[in-house]
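Descriptive analysis of the structure
So the chains spell out like this:
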Amino acid sequence: MTPVQLQCEPRWFHGPCWLKLDQQYWPKVLEIDENKFNMADLESKAIAAALPTVSPSEIFRLRSSLVDLVRLTVYIQRFKWNSSPVNQLCRKVGCITSHEYGDAIKALVKLSQQESFPQELADLFKSGQVQDSSRISPLNPQLAEGLLCVGGRLKNAAVSERWKHPYILDHRHPFARPVVAYYHQKHFHAGQQQSTLSVECIRSSALWAVFVCLVTKAVHLELSADLTTQAFLAALRRFTSRRGKPSLIMCDNAKNFVGSKRELDELARLFDSQQFKEAVLRHTAEDRIELRFIPARSPNFGGLWESAVKSFKILFKRTIGTRSLVYDQMQTVLAQTEAILNSRPLTPISNDPDDF
């Protein structure tokens, strides 16, 4: 049967015609009368057998990308919904909605957990806690909408439920690989993140400024078109307009820009010029901002913002590489990178959920 013929086949969407009839008219099921057998003639044996290991479902091998796997699951769920006779007037068509996307992820997580933690799920449904010998018992697992989630003190935090109790996945299950790969790529292949003020050059002759809070280490990125005093002050105005005016700004000294590239030499001359310093000091004084330059040839005094520069370069190079970007594309990359740097953990993450 071809796909065109299948589309016009009523049994594909409605099932056999006898399903619409009363149950008394359904095909009769052959029933076996046990009284016809002599129980003494039946041999009884006790057999010891190990429970078979649950193999991962084939759906996890159909797609290697998490997005493709979720979309496939959405279409499977849509087909199930649209095939039901009671849903003929409200069939799901068109673009995938966020609600469908979330339901598909939950379905995949639930299936992977049923295959990875069948005993833990049974224990939680029965007694509300897993056995001490379980490998996920340190996570204090609990059930939320039938899914295994991390417990701990985050239940009292003023955040959404998905942040309080993240799902538990088995790293050995095939579903874990596309999940990790997706978030690794989404966060620009970031590793351990650490990210005040620093200016660096990039290949396209544009500049980016990194503002780092000395208290919280929050990062703000600004793009500057050229190496002029006006461009620097414009970036500073955009920062203070969006984030508020700081009481103190610490900045690199011109002697710290050491390198063979023309842009670095030009940047050093800009920072070392008396006109630049007077213009910046005049602007910051009007806004009641104290500006301090670190000692000459002492980049270790700016270690806090130098680490942010390093973190940005790692994310930028891994994602963009040697490709050229126009101004609005660079703005988009900076905004995404800023979000990633501000979502990084400030301290090493503990495996104990009660530490949070």
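Keep in mind it's a predicted model, so treat the numbers as computed, not measured.

The rules we used
- Residues numbered from 1 in each chain as written.
- Predicted model: local features only at pLDDT ≥ 70, side-chain atom pairs only at ≥ 80, totals over all residues.
- Heavy atoms only, no water.
- Phe/Tyr/Trp six-rings, centres within 6.5 Å; stacked < 30°, edge-to-face > 60°.
- Helix = DSSP H or I, 4+ residues; strand = E, 2+ residues; numbered from the N terminus.
- Buried < 20%, exposed > 50% of the residue type's maximum accessible area, 1.4 Å probe, protein only.
- Salt bridge = Lys/Arg side-chain N within 4 Å of Asp/Glu carboxyl O.
- Contact = heavy atoms within 4.5 Å.
- Polar contact = N/O pair within 3.5 Å; in protein donor to acceptor, adjacent residues only side chain to side chain.
- Pairing = 2+ DSSP bridges.
- Core = buried A, V, L, I, M, F, W, Y, C linked by side-chain atoms within 4.5 Å.
- Axes fitted to C-alpha atoms, helices over the stretch in contact; angles between N-to-C directions.
- Parallel < 35°, antiparallel > 145°, perpendicular 65-115°, else oblique.
- Left-handed = near helix turned anticlockwise from the far one by under 90°.
- Nonpolar A, V, L, I, M, F, W, Y, C, P; charged D, E, K, R; others polar.
- Expected span 1.5 Å × (residues − 1).
- pLDDT = per-residue confidence, 0-100.

Focus: the packing of aromatic side chains
Tallied over the full model, the rule gives 5 aromatic pairs. Note on F60 and F175: the rings are 5.4 Å apart at their centroids and 45 degrees apart in plane angle, and the pair reads as tilted. You can see F60 sitting in the loop between α2 (10-14) and α3 (66-83) and its partner F175 sitting in the loop between α6 (161-164) and α7 (176-186), a full 115 residues away along the chain. Each member of the pair, F60 together with F175, is buried. Between F211 and F239 the ring centres are 4.1 Å apart and the planes differ by 10 degrees, which places this aromatic pair in the stacked class.

Concerning the pattern of salt bridges
The final tally for this structure, using the stated rule, is 7 salt bridges. Residue R78 pairs with E100 through a salt bridge whose shortest N-O separation is 2.9 Å. In this pair, R78 sits in helix α3 while E100 sits in helix α4 (residues 98-116), placing the two residues 22 residues apart along the sequence. By relative accessible area, which is 6% here, R78 ends up buried. Overall, the relative accessible area of 10% leaves E100 in the buried class. In this structure, R172 and D170 form a salt bridge, with 3.5 Å as the shortest nitrogen-oxygen distance. When its relative accessible area of 8% is taken as the criterion, D170 is described as buried. Because the salt bridges share partners, they merge into one network encompassing R135, D170 and R172.

Re unusual backbone geometry
We note that N140 has phi near 50 degrees; this positive angle belongs to a residue other than glycine. By the secondary structure assignment, N140 is in the loop between α5 (118-127) and β1 (142-144). On the basis of relative accessible area, N140 is assigned to the partly exposed category, the value being 40%. The backbone phi angle of K217 is positive, close to 65 degrees, even though this residue is not glycine. Its place among the elements puts K217 in the loop between β4 (207-212) and β5 (219-224). Classification of K217 as partly exposed rests on a relative accessible area of 31%.

Considerations on the environment of S57
Summarising the element assignment, S57 is placed in the loop between α2 and α3. Between the alpha carbons of S57 and P174 there is a distance of 9.2 Å; along the sequence they are 117 residues apart. When neighbours within four sequence positions are excluded, S57 is seen to be in contact with L111 and E115. Within the structure, the side chain of S57 is placed 2.3 Å from the side chain of E115, a separation counted as a polar contact.

Brief notes about the pairing of strand β6 (residues 248-251)
Of the two faces of β6, the one lined by I249 and C251 is fully buried and the one lined by L248 and M250 carries no buried residue. Examined bridge by bridge, β6 and strand β7 (residues 290-293) share 4 bridges and lie parallel to one another. Among the inter-strand pairings, M250 is bridged to a residue of β7, identified as R292.

So, the side chain of E338
When you line up the elements, E338 lands in helix α12 (residues 327-342). Once residues lying within four places of it in the same chain are set aside, the contact partners of E338 are V219, H220, L221 and R243.

Focus: the nonpolar core
Judged by nonpolar contacts, the single largest core of 19 residues is most densely connected at V210 and L334. Among the elements of the structure, β4, β5, α11 (303-319) and α12 are those that each provide at least two residues to this core. Sorting elements by how many residues they give to this core places α11 first, with 6 residues.

Description of the packing of α11 against α12
The interhelical angle for the contact between α11 and α12, taken along N-to-C directions, is 125 degrees, at an axis separation of 11 Å. On the basis of their axis angle, the class for α11 and α12 is oblique. The two elements α11 and α12 cross, and the hand of that crossing is right-handed. Residues S311, F312, L315 and F316 of α11 form the contact with α12, whose own contacting residues are M330, V333, L334, T337, I340 and L341. When grouped by side-chain class, the residues that make up the contact of α11 with α12 number 8 nonpolar, 2 polar and no charged.

Focus: helix α8 (residues 229-243)
With 15 residues, α8 ought to run about 21 Å at 1.5 Å a step, and its terminal C-alpha atoms sit 21 Å apart, in line with that. Among all positions in α8, only T229, A231, F232, L233, A235, L236, F239 and T240 are buried. One or two positions beyond α8, positive phi appears at G244, with a value near 95 degrees.

Remarks on the confidence of the model for the chain
Averaged over the chain, the pLDDT score is 77; the fraction of residues at 70 or greater is 75%. Taking the mean pLDDT of every element in the chain, the minimum, 32, falls on strand β3 (residues 198-201) and the maximum, 92, on α3. Between residues 192-204, whose pLDDT stays under 50, and residues either more than four places distant or in other chains, the model counts 67 contacts. For the stretch residues 256-261, pLDDT sits under 50, and the model shows 16 contacts to residues farther than four places along the chain or on other chains.

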